[in-house]
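Commentary on secondary and tertiary structure
Here's the letter readout for the chains.
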Amino acid sequence: MGTATVVTNLGKAMLADRLRASPGTYTVSPHFMAMGVGASGASRTAAVGDTALTTEVETRTSGTESVVTTSVTNDTYQIVGTITATSSRSVDEFGLFTASSGPSLGFSATFTGAVISLNSGDAIAFTAKIQLT
Amino acid sequence: MAWAPVAHAGGITNGTGTTATTSALNSTGANVGFVRVTYVNSGGDPTISDSNGHTWTQRKKQSSGADSVAIYSAPLSTVGAGHTATASLAGSFPDLSFAVFSGGAGFTLDQVNGANGAATTTQATGSVTPTTPNQLIISAVGATVSTNTVASIDSGQTLYDTTAADGNNFAGGLAYEVQTTATTRNPVFTVTQSSTVFACIATFKVSTTTNLTLTATQGQTATLATVKTKVSALSATQGQTATLGMVRMFIRTLTATQGQAATLGLKTIIPRKLTFTGSTDTSPSLTGRVSTAVSWTGSES
């Protein structure tokens, strides 16, 4: 799948802030999962400067968070959640946000080369991972 | 996975008026079954069962007085050869068709309709427009008058098993279509004799869940093989690891900021100045032969 994934600039700031005993700005983890349908039309590839999806659809879902091992023990933040389409969708972008609405995008992904077509009632079970190296 | 037909069979009562069982089919590979039953409804609806013990749900019934046709469905968990379906109710004179399909895991009913006609040889089911593509459409018909039979159906539907009227049972039939594009359908059944005809239609969709894993790596690793060069400055920013293998170089300034790891392997180094600039925990280390003294500048903030 032709997928681009990045931790955005906001995501980097969030990671740094949340290392503190008391985060000053990012007091909520990026557990709001969103999908969109506008990346292909906008010829957009996920980039660190992203602040929102191009055309977000459906309600953001609150995912289930965990820490898992990719290379080093517990080096990866993982969040799992399912978003169901309420009408036909051609999904080509995804993001993790720190709020249920608004442009607080910490993790941006586009998969414009492998759009996922959904009928109403179909769903995507997303697993998003941020590995720290 | 798309809907696909696997097998089908028909059946008729043998004069008892109570029970009809289809001939056996091999349902291997199927996960949904459909039954068309045509019957006299004065005593209610017949019980639908199958030889593998599944639970059947009535999806649409169309009646003309005491005459009915209905579509039932069941998710199939146990499949194989010798699979039959049965309709049973005293005085209902049931006859039925049984068809099994694959690609229906998690299926749900979408649209239904039904219609009757009197003294006719053609009868439309009533119009339906599936709400999504790739649906399975099941059409069913019943017709009175002994010796009547179901001859055909239009609209691109495939007519499966039909049963002929015989003085006790109605004529009946089941047809299907797998759509790729959601298109309005109002198929017309044709029977051989002018009679009361009752028909219905139901569409079934399958909802799917796609699993997608997206991974981003925060931090980068830049590795240089053995080099012979003059490095003006070697620096890494947050989250990066800059690794140099065996080198022979002149380093003017070796700088690390918070969170960096600047590693030099076996080396001959002539550093003019080793500068520590960072807030905490910065610890550039040198190993191997160092030919000149090292001085540190920097502060802990």
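Small disclaimer: the values here were computed from a predicted structure and weren't measured.

**Observations regarding the overall build of chain B**
For chain B, the helix and strand inventory stands at zero helices and 24 strands. With 301 residues in all, chain B has 47% of them scored as buried. Put simply, of all contacts in chain B between residues at least 6 apart along the chain, 64% involve residues at least 24 apart. Just so you have it, chain B exposes about 12800 Å², and 50% of that area is on carbon and sulfur atoms.

**With respect to the interface of chain A and chain B**
Counting from both sides, the interface comprises 28 residues of chain A and, opposite them, 20 residues of chain B. A buried area of about 1900 Å², summed over both sides, lies between chain A and chain B, and 53% of it is on carbon and sulfur atoms. Where chain A packs against chain B, one counts 11 residue pairs in polar contact (both at pLDDT 80 or more). Secondary structure elements with two or more residues in the side of chain A that touches chain B: β1 (4–7), α1 (9–17), β8 (105–110), β9 (116–118) and β10 (123–132) of chain A. In terms of residues, the side of chain A that touches chain B owes the most to one element, β10 of chain A, which gives 10 residues. In terms of residue class, the side of chain A that touches chain B is built from 17 nonpolar, eight polar and three charged.

**Considering the sheet that holds strand β2 (residues 19–21) of chain B**
Residue and element names in this part refer to chain B. Spatial ordering of the open sheet is given by β2-β7-β4, a layout of three strands whose pairing is antiparallel. Among the strands making up the open sheet, the edge pair consists of β2 and β4 (47–50). Averaged over all pairs of adjacent strands, the angle between strand axes in this sheet comes to 15°, irrespective of strand direction. Note that β2 and strand β7 (residues 85–88) share three bridges and pair antiparallel. Residue pairing in the sheet places T19 in a bridge with S88 of β7.

**Concerning the environment of I124 of chain A**
By the secondary structure assignment, I124 of chain A is in strand β10. Classification of I124 of chain A by relative accessible area gives buried; the value is 0%. Each C-alpha atom of the pair I124 of chain A and M35 of chain A lies 9.1 Å from the other, and the pair is 89 residues apart in sequence. Excluding residues that lie within four positions of it along the chain, I124 of chain A makes contacts with M35, G81, T82, I83, V91, I116 and L118 of chain A together with T209, T210 and L212 of chain B.

**Side note on unusual backbone geometry**
The backbone of S43 of chain A shows a phi angle near 50°, a positive value even though the residue is not glycine. Backbone geometry places S155 of chain B, a non-glycine residue, at a positive phi of 65°. Within the secondary structure, S155 of chain B is located in the loop between β11 (150–153) and β12 (158–163). The class for S155 of chain B is partly exposed, based on a relative accessible area of 28%.

**Some words on the nonpolar core**
In this structure, M35, F94, F107, F111, I124 and F126 of chain A together with L214 of chain B are the most contacted members of the largest nonpolar core, which totals 22 residues. Contributions of two or more residues to this core are made by β2 (32–36), β5 (76–84), β7 (93–97), β8, β9 and β10 of chain A together with β15 (209–218) of chain B. At four residues, the largest contribution of residues to this core is made by β10 of chain A. With sequence-adjacent residues up to four places away left out, F126 of chain A is seen in contact with M33, M35, I79, V80, G81, I83, F94 and F111 of chain A together with L212 and L214 of chain B. Judged by nonpolar contacts, the second largest core, of 21 residues, contains F34, A140, Y160 and L174 of chain B.

**A look at the sheet that holds strand β4 (residues 64–68) of chain A**
Ordered in space as β4(A)-β5(A)-β10(A)-β15(B), the four strands form an open sheet in which the pairing is mixed. Strands at the two margins of the open sheet, each flanked by one partner only, are β4 of chain A together with β15 of chain B. Taken over all neighbouring pairs, the strand axes of this sheet differ in orientation by 20° on average, direction set aside. In this structure, β5 of chain A lies alongside β10 of chain A, joined through nine bridges in antiparallel fashion. When the bridges of β10 of chain A are listed, Q78 of chain A appears paired with K129 of chain A.

**Describing α1 of chain A**
Residue and element names in this part refer to chain A. If you check which residues of α1 are buried, you get G11, M14 and D17. Buried residues of α1, viewed axially, fall in a sector of 125°; they line one side. Where α1 is buried, its residues touch β1 and β8.

**Here's the deal with the pattern of salt bridges**
In a structure, side chains of opposite charge can pair up when their charged atoms sit close to one another. Within this structure, the stated rule accounts for eight salt bridges over all chains. Among the ionic pairs, E56 of chain A bridges to R60 of chain A, the shortest N-O distance being 2.7 Å. With a relative accessible area of 31%, E56 of chain A lands in the partly exposed category. Residue R185 of chain B pairs with E177 of chain B through a salt bridge whose shortest N-O separation is 2.8 Å. One salt-bridge network, in which partners are shared between bridges, spans R44, D50 and E93 of chain A.

**Observations concerning the side chain of E93 of chain A**
Residues and elements named next belong to chain A. Note on placement: E93 falls in strand β7. Looking at E93, the relative accessible area reads 0%, which means it is buried. For E93, the side chain forms a polar contact with the side chain of R44, separated by 2.6 Å. A polar side-chain atom of E93 sits 2.9 Å from the main-chain amide nitrogen of T55.

Here is what the cut-offs are and how they apply
Residues numbered from 1 in each chain as written. Chains lettered and ligands numbered in written order. Predicted model: local features only at pLDDT ≥ 70, side-chain atom pairs only at ≥ 80, totals over all residues. Heavy atoms only, no water. Helix = DSSP H or I, 4+ residues; strand = E, 2+ residues; numbered from the N terminus. Buried < 20%, exposed > 50% of the residue type's maximum accessible area, 1.4 Å probe, protein only. Contact = heavy atoms within 4.5 Å. Areas by Shrake-Rupley, 256 points an atom, 1.4 Å probe, with all protein chains shown as cover. Buried area = accessible area lost by both parts, 1.4 Å probe. Polar contact = N/O pair within 3.5 Å; in protein donor to acceptor, adjacent residues only side chain to side chain. Nonpolar A, V, L, I, M, F, W, Y, C, P; charged D, E, K, R; others polar. Pairing = 2+ DSSP bridges. Axes fitted to C-alpha atoms, helices over the stretch in contact; angles between N-to-C directions. Core = buried A, V, L, I, M, F, W, Y, C linked by side-chain atoms within 4.5 Å. Arc of directions from axis to C-beta. Salt bridge = Lys/Arg side-chain N within 4 Å of Asp/Glu carboxyl O.

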